[in-house]
Amino acid sequence: MKKHNFSAGPSILAQEVIKKSAEAVLDFNGLSILEISHRSKDFEAVIEEARELFKELLNIPEGYSVLFLGGGASLQFCMVPFNLFEKKAAYLNTGVWANKAMKEAKGFGEVVEVASSKEANYTFIPKDFVIPTDADYFHITTNNTIYGTELLADLDSPVPLVADMSSDILSRPIDVAKYGIIYAGAQKNLGPAGVTVVIIRDEILGKVSRYIPTMLNYKTHIAEGSMFNTPPVLPIYTTMQTLRWVKANGGIEAMEKRNIEKAELLYNAIDNSKIFVGTAAKEDRSRMNVCFVMKPEYAALEADFQKFASAAGMDGIKGHRSVGGFRASIYNAMPIESVQALIDCMQEFEKQH
């Protein structure tokens, strides 16, 4: 039976990317990718190609650096304030991960929560908030995997804009010039867990008065080309293969077109269902993570549907433990055929009940 991987992360990768990564584990120019030196010319070519593909696909302007770091987005929650926070920072609170980022920043000084949707269980993206012009930076989380909401437009900010794009990077075109820092854990749209991509406008660094620990200083990693310490070689290689795959399949514009098609297909099925209902505000629905529940009168069937869907090969659709229900993560590598298979499964279950 074919399994359809709707996991929120680590998540689906393109089959050819998995195949090429597996081949490199066995043989990468005579050695395994797992054992080659990160200082070798072979790997230096890999990391350089990955860096250049990011610049090309995202149309990154001059004056920005692309880094490949460890520690996931969670490490960026403290690296950002270490490098940028001098007097005050501003945060948009749209979910668990945004809240965790804000919590880390509070250890550095005054944090302004410009808006929050917490009281509505983060089911919408706040609008019409005011960004304080005296803040050192403004932090946003563009896609909220747990709640299924997404910022689908690049914001205008009077201060450096910092964005956690872990779960929607490469899913739509963005204007990188509007951002001071973009960071993304790989395990959604880029590759396996273990590497975090950070895109930084160089000129915003070097303006804090505090001592920054060497490993937490972006300048350290810029100067060393992400090679200050041993980088996560295999995840970077797989990320490079993913970037090649994105380019070969039409680039980010083509990814966005596919993602819109997949999301509309699934949301339409949910909206026309008698037993399922979406949880996010329609104007803020994520294209990456489709969250839904049983309507109240059918709530008792939730466990039954979970078993039914699993038996049909739908893997990873259980909602996050903090909210329950169901979540279908339909990242770049998710084929539309799998989305249709989930819809067929939902409709078959509905017929039986």
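Keep in mind that this is a model prediction, so the values were computed, not measured.

Caption draft 1: Expanded view of helix α1 (residues 15-26). Look at α1: 17 Å from first C-alpha to last across 12 residues, which is about the 16 Å you get at 1.5 Å a residue. Every buried residue of α1 is accounted for by Val 17, Ser 21 and Ala 24. Relative to the axis of α1, the buried residues are bounded by an arc of 60° and lie together on one face. In α1, the exposed residues that point more than 90 degrees away from the buried face are Gln 15, Lys 19 and Leu 26. Buried residues along α1 sit in contact with α6 (233-248).

Caption draft 2: A look at the sheet that holds strand β5 (residues 138-141). In spatial order, the strands read β2-β10-β9-β8-β5-β3-β4; together these 7 strands make up an open sheet with mixed pairing. For this open sheet the edge positions go to β2 (64-69) and β4 (110-116), each flanked by a neighbour on one side alone. Neighbour to neighbour, the strand axes of the sheet diverge by 15° on average, direction disregarded. Alignment of β5 against strand β8 (residues 161-164), held across 4 bridges, turns out to be parallel. Following the sheet pairing, His 139 is matched in β8 by Val 162.

Caption draft 3: Spotlight on the packing of helix α3 (residues 72-84) against helix α4 (residues 96-105). With their axes 8 Å apart at the nearest point, α3 and α4 run at an angle of 40° to one another. The orientation of α3 with respect to α4, classified from their angle, is oblique. Handedness of the α3/α4 crossing: right-handed. Residues Phe 77, Cys 78 and Pro 81 of α3 lie in contact with α4, whose contacting residues are Trp 97, Lys 100, Ala 101, Glu 104 and Ala 105.

Conventions used here
- Residues numbered from 1 in each chain as written.
- Predicted model: local features only at pLDDT ≥ 70, side-chain atom pairs only at ≥ 80, totals over all residues.
- Heavy atoms only, no water.
- Helix = DSSP H or I, 4+ residues; strand = E, 2+ residues; numbered from the N terminus.
- Expected span 1.5 Å × (residues − 1).
- Buried < 20%, exposed > 50% of the residue type's maximum accessible area, 1.4 Å probe, protein only.
- Arc of directions from axis to C-beta.
- Contact = heavy atoms within 4.5 Å.
- Pairing = 2+ DSSP bridges.
- Axes fitted to C-alpha atoms, helices over the stretch in contact; angles between N-to-C directions.
- Parallel < 35°, antiparallel > 145°, perpendicular 65-115°, else oblique.
- Left-handed = near helix turned anticlockwise from the far one by under 90°.

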